[in-house]
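The residues making up each chain are set out below.
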Number of protein chains: 2
Amino acid sequence: MTKTNRSVERSMDILETVSDLGVCTLGFLAQQTALPKPTVLRICKTLVDRRWLSQSKNDKRYRIGPRFPRMETTPGLIDALVESGSTAIVELSAATGLGVDLAASIGEGRLEIVDTTRQFALHGIFPDCVGYRPSPFRSALGCVFLAALDTETRVRCTARLAATLTGSDRAAAMEFPRKVDDIRTKGFAVREKGYWGRAVDYGGVPTAISVAVRSGDKTVGAISLVWLAEQYETGTIVEKYLHRLQKTAQVIGAQLAAEHPQLLLPSM
Amino acid sequence: MTKTNRSVERSMDILETVSDLGVCTLGFLAQQTALPKPTVLRICKTLVDRRWLSQSKNDKRYRIGPRFPRMETTPGLIDALVESGSTAIVELSAATGLGVDLAASIGEGRLEIVDTTRQFALHGIFPDCVGYRPSPFRSALGCVFLAALDTETRVRCTARLAATLTGSDRAAAMEFPRKVDDIRTKGFAVREKGYWGRAVDYGGVPTAISVAVRSGDKTVGAISLVWLAEQYETGTIVEKYLHRLQKTAQVIGAQLAAEHPQLLLPSM
DNA sequence: AGACTACGTTTCACCAGGTGGAACGAAAAT
DNA sequence: ATTTTCGTTCCACCTGGTGAAACGTAGTCT
């Protein structure tokens, strides 16, 4: 049987304690987890270095930090979106001959691909993309989704994401505000040069154009037309199929509103 | 300088990758983190055992699991509640001679204490409670807050919390549905016998009665009157001060609605 | 069919990395 | 002034984590 890692278990004990009980002192954590204080100190220092925990300056108490990964899925949205959208994306895919991805909001301005019509044999691109979370600022899906949010929400999400992301994702976050107006007027987004997600795994380099899916006054997700970069120019696809893509997004949004009105209500 | 723990760093690398990119294979994780596959396998197995990651049966791909700690704070609510409520709780505390705690919703049916009037010299109880997250089902604050939510939200939060919590918190979660009606008709809650949070650190055993803070049609938090158990009977305090406690909760809710109406709007 | 590749997993000798009891100085409570 | 509790440092010990190599299997190419 595969072994497990004791240090990782201990770090989870500590994080669960802080997450459950809120702010904690070192001694209290040592007592709760039944670990010696030096061990807790070292693990907490590791977590603080990465901002998974943060420490107030005066007292040294620990609390959950700004870089701790956050998940805020509206419960049921993913299932509802798949239910309302799967036939529409299949029809769009058949009509265009291209792959179609459907992505749902998972909170904080992030998306997760929840359904796709991609087939390697038909489209020549990596098909196993369900569950994948496209980059918020570099992918077509991410950009068009953020651009479709109301200004206040977008600013908040952009700020939080910029604080969390690193490397070229962070750089893209800084550039993003300058791109928003362009995306909004054009009504669609394309992926940033140099960003391919994990499509390099196999298959050719994919290109995509994406539009947001809005339901009521809420932005609930986004859909993409995806094709092999070497086969078609982006301009050609936009000219031929953008209107149909936008139409499909509207249909999905309307159907979601009709079938699952409770998802669009306030939650608190 | 204090050392750090390499295994913990590696586990954070893995969790951040899965959180950022979504579903990942073992090999992909090994490549992203630049770690050997057996190392990634052992760490992932540790995380899967605790449900911080989960694995689909057919393909062995990893995704964030159901027990990964979730944080869903409405941004700004804590600050707004402190701003709208701090003078009101000071007045209540002065009028009653008891400690008063103010707690804010942090999502998923959880609360965090955001302000308090407790002073050890005056009330004889542990004063450093700000940041503390009372038990959802065992504390007075937690129970009254959950009971005040609309039925649908309460059922969803109860289910999710029951899946996450362990030990006596879990047992209390199973009992909770039977207590809801009683709390709603009485209009306040008391803590479960045997639950004292961390008050045992020092000071005497505290007792508390709590009421929910509602603003518009949303339940945004809760407030408590807290005293030393050996000094007064619960019945006495209820008789003398419950009405005043409820009045304070109403005042805070109304003030929050007046000063921060945007917090009560839908967010997506 | 056979060759090949890529996957997740097991093994095991090695030793770096993590460990924790003891001791420390500082701060707070008594 | 005394005691307690806090977070932190030290360091000898040795276990728990490591990772190259090998394995079985599943799927893909020729």
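Residues numbered from 1 in each chain as written. Chains lettered and ligands numbered in written order. Predicted model: local features only at pLDDT ≥ 70, side-chain atom pairs only at ≥ 80, totals over all residues. Heavy atoms only, no water.

When you go through chain A residue by residue, the secondary structure sums to nine helices and seven strands. The contacts in chain A between residues at least 6 apart in sequence include a share of 58% that link residues at least 24 apart. Put simply, chain A shows about 11,900 Å² of open surface, and 52% of that area lies on carbon and sulfur atoms. Distance from the positive charge centre (34 side chains) to the negative charge centre (28 side chains) of chain A: 9 Å. (Helix = DSSP H or I, 4+ residues; strand = E, 2+ residues; numbered from the N terminus. Contact = heavy atoms within 4.5 Å. Areas by Shrake-Rupley, 256 points an atom, 1.4 Å probe, with all protein chains shown as cover. Lys, Arg positive; Asp, Glu negative; His and termini not counted. Charge placed at Lys NZ, Arg CZ, Asp CG, Glu CD.)

We now examine the nonpolar core. With 42 residues, the main nonpolar core has Leu 47 and Leu 53 of chain A together with Leu 47 and Leu 53 of chain B as its most contacted residues. Secondary-structure elements contributing two or more residues to this core are α1 (6–21), α2 (26–33), α3 (37–49) and β2 (62–64) of chain A together with α1 (6–21), α2 (26–33), α3 (37–49) and β2 (62–64) of chain B. Apart from residues no more than four positions distant in its own chain, Leu 53 of chain A is found in contact with Ile 14, Leu 15, Val 18, Cys 44, Leu 47, Val 48, Tyr 62, Arg 63, Ile 64 and Gly 65 of chain A. Residues Val 100, Val 238, Tyr 241 and Leu 256 of chain A belong to the second largest nonpolar core, which totals 28 residues. (Core = buried A, V, L, I, M, F, W, Y, C linked by side-chain atoms within 4.5 Å. Buried < 20%, exposed > 50% of the residue type's maximum accessible area, 1.4 Å probe, protein only.)

The partner chain A presents 60 residues to the 61 residues of chain B that form the contact. Regarding the contact of chain B and chain A, the summed buried area is about 5,800 Å², with carbon and sulfur atoms giving 59% of it. Linking chain B to chain A there are four salt bridges. Ionic pairing is found between Asp 13 of chain A and Arg 50 of chain B, a salt bridge with its closest N-O pair at 2.8 Å. Put simply, chain B and chain A have 18 residue pairs in polar contact (both at pLDDT 80 or more) between them. If you list the elements that add at least two residues to the side of chain B that touches chain A, you get α1, α3, β2, α7 (151–164) and β7 (218–228) of chain B. Considering each element in turn, the side of chain B that touches chain A owes the most residues, 12 residues, to α1 of chain B. (Buried area = accessible area lost by both parts, 1.4 Å probe. Salt bridge = Lys/Arg side-chain N within 4 Å of Asp/Glu carboxyl O. Polar contact = N/O pair within 3.5 Å; in protein donor to acceptor, adjacent residues only side chain to side chain.)

What follows covers the relation of the copies chain B and chain A. The operation relating chain B to chain A is a screw motion whose rotation component is 180°, with 0.1 Å of axial translation and a residual RMSD of 0.1 Å. Here the copies are linked by what is in effect a two-fold axis. Both copies present the same face, since 97% of the interface residues in chain B are matched by interface residues at the equivalent positions in chain A. (Least-squares fit on C-alpha atoms with pLDDT ≥ 70 in both.)

Turning to α1 of chain A, a few remarks are in order. Residue and element names in this part refer to chain A. Here α1 spans 23 Å end to end across 16 residues, near enough to the 22 Å set by a 1.5 Å rise per residue. Listing the buried residues of α1 in full gives Ser 7, Val 8, Ser 11, Met 12, Ile 14, Leu 15, Thr 17, Val 18 and Ser 19. Capping of α1 at its N-terminal end is provided by Asn 5; its side-chain oxygen lies 3.0 Å from the backbone amide nitrogen of Ser 7. Once α1 ends, the next one or two residues include Gly 22, with phi positive near 80°. (Expected span 1.5 Å × (residues − 1).)

Size of an interface: often given as the accessible area lost when the parts come together. By domain assignment, chain A separates into domain 1 (6–64) and domain 2 (77–264). Once you take the C-alpha centre of each, domain 1 of chain A and domain 2 of chain A turn out to be 38 Å apart. (Domains from an automatic or database assignment.)

Okay, the protein's contact with DNA strand C next. Residues in contact with DNA strand C amount to 20 residues; listed here are only the nearest, Thr 2 and Arg 10 of chain A together with Arg 6, Leu 26 and Leu 41 of chain B. Of all atoms in DNA strand C that approach within 4 Å of the protein, 64% are sugar or phosphate atoms. With respect to DNA strand C, the side chain of Thr 39 of chain A contributes an N or O atom lying 3.2 Å from a phosphate oxygen. Among the elements of the structure, α1 and α3 of chain A together with α1, α2 and α3 of chain B are those that each provide at least two residues to the surface near DNA strand C. The residue makeup of the surface near DNA strand C, split by class, is five nonpolar, eight polar and seven charged. (Near = heavy atom within 4 Å. Nonpolar A, V, L, I, M, F, W, Y, C, P; charged D, E, K, R; others polar.)

Residue and element names in this part refer to chain B. Within the secondary structure, Ser 224 is located in strand β7. Residue classification places Ser 224 among the buried residues on the basis of a relative accessible area of 2%. Here Ser 210 takes part through its side chain, which lies 2.4 Å from a polar atom of the side chain of Ser 224.

Aromatic ring pairs are defined here through the distance separating the ring centres and the angle between the ring planes. As enumerated under the stated definition, the model contains five aromatic pairs over all chains in all. Measuring from ring centre to ring centre gives 5.2 Å for Trp 52 of chain A and Phe 68 of chain A, while their planes differ by 70°; the resulting arrangement is edge-to-face. With Trp 52 of chain A in the loop between α3 and β1 (53–55) and Phe 68 of chain A in the loop between β2 and α4 (77–96), the pair connects residues that are 16 residues apart, well separated along the chain. Taken individually, Trp 52 of chain A and Phe 68 of chain A each receive the classification buried, so the pair is uniform in this respect. Connected via pairs of aromatic rings, a cluster forms that spans Trp 52 and Phe 68 of chain A together with Trp 52 and Phe 68 of chain B. Cation over ring: Lys 186 of chain A sits above Phe 188 of chain A, and NZ or CZ is 5.0 Å from the ring centre. (Phe/Tyr/Trp six-rings, centres within 6.5 Å; stacked < 30°, edge-to-face > 60°. Lys NZ or Arg CZ within 6 Å of the ring centre and 35° of its normal.)

With that settled, consider unusual backbone geometry. Residues and elements named next belong to chain B. Positive phi is not limited to glycine here, since Ala 34 has a value of about 60°. In this structure, Ala 34 sits in the loop between α2 and α3. The exposure class assigned to Ala 34 is exposed, which follows from its relative accessible area of 66%. Positive phi outside glycine occurs at Arg 51, with the angle close to 65°.

What follows is about the packing of α1 of chain B against α3 of chain B. Residues and elements named next belong to chain B. At their nearest, the axes of α1 and α3 sit 10 Å apart, and the two run at 80° to each other. One way to sum up the angle between α1 and α3 is to call them roughly perpendicular. Only Thr 39, Val 40, Ile 43, Cys 44 and Leu 47 of α3 make contact with α1, whose side of the interface consists of Ser 7, Arg 10, Ser 11, Ile 14 and Leu 15. Looking at the contact of α1 with α3 residue by residue, the class counts come to six nonpolar, three polar and one charged. (Axes fitted to C-alpha atoms, helices over the stretch in contact; angles between N-to-C directions. Parallel < 35°, antiparallel > 145°, perpendicular 65-115°, else oblique.)

Attention now goes to the confidence of the model for chain A. For chain A, per-residue confidence averages 88 on the pLDDT scale, and residues scoring 70 or more make up 94% of the total. Model confidence for chain A, summarised as mean pLDDT per element, is weakest for helix α5 (residues 120–123) of chain A at 79 and strongest for helix α6 (residues 140–148) of chain A at 97. (pLDDT = per-residue confidence, 0-100.)

Close contact between α1 of chain A and α1 of chain B brings their axes to 8 Å; oriented N to C, the two are set at 70°. With respect to α1 of chain B, the element α1 of chain A is oriented roughly perpendicular. For the pair α1 of chain A and α1 of chain B, contact is made by Ser 7, Val 8 and Ser 11 of chain A and by Ser 7, Val 8 and Ser 11 of chain B, respectively. Residues that form the contact of α1 of chain A with α1 of chain B fall into these classes: two nonpolar, four polar and no charged.

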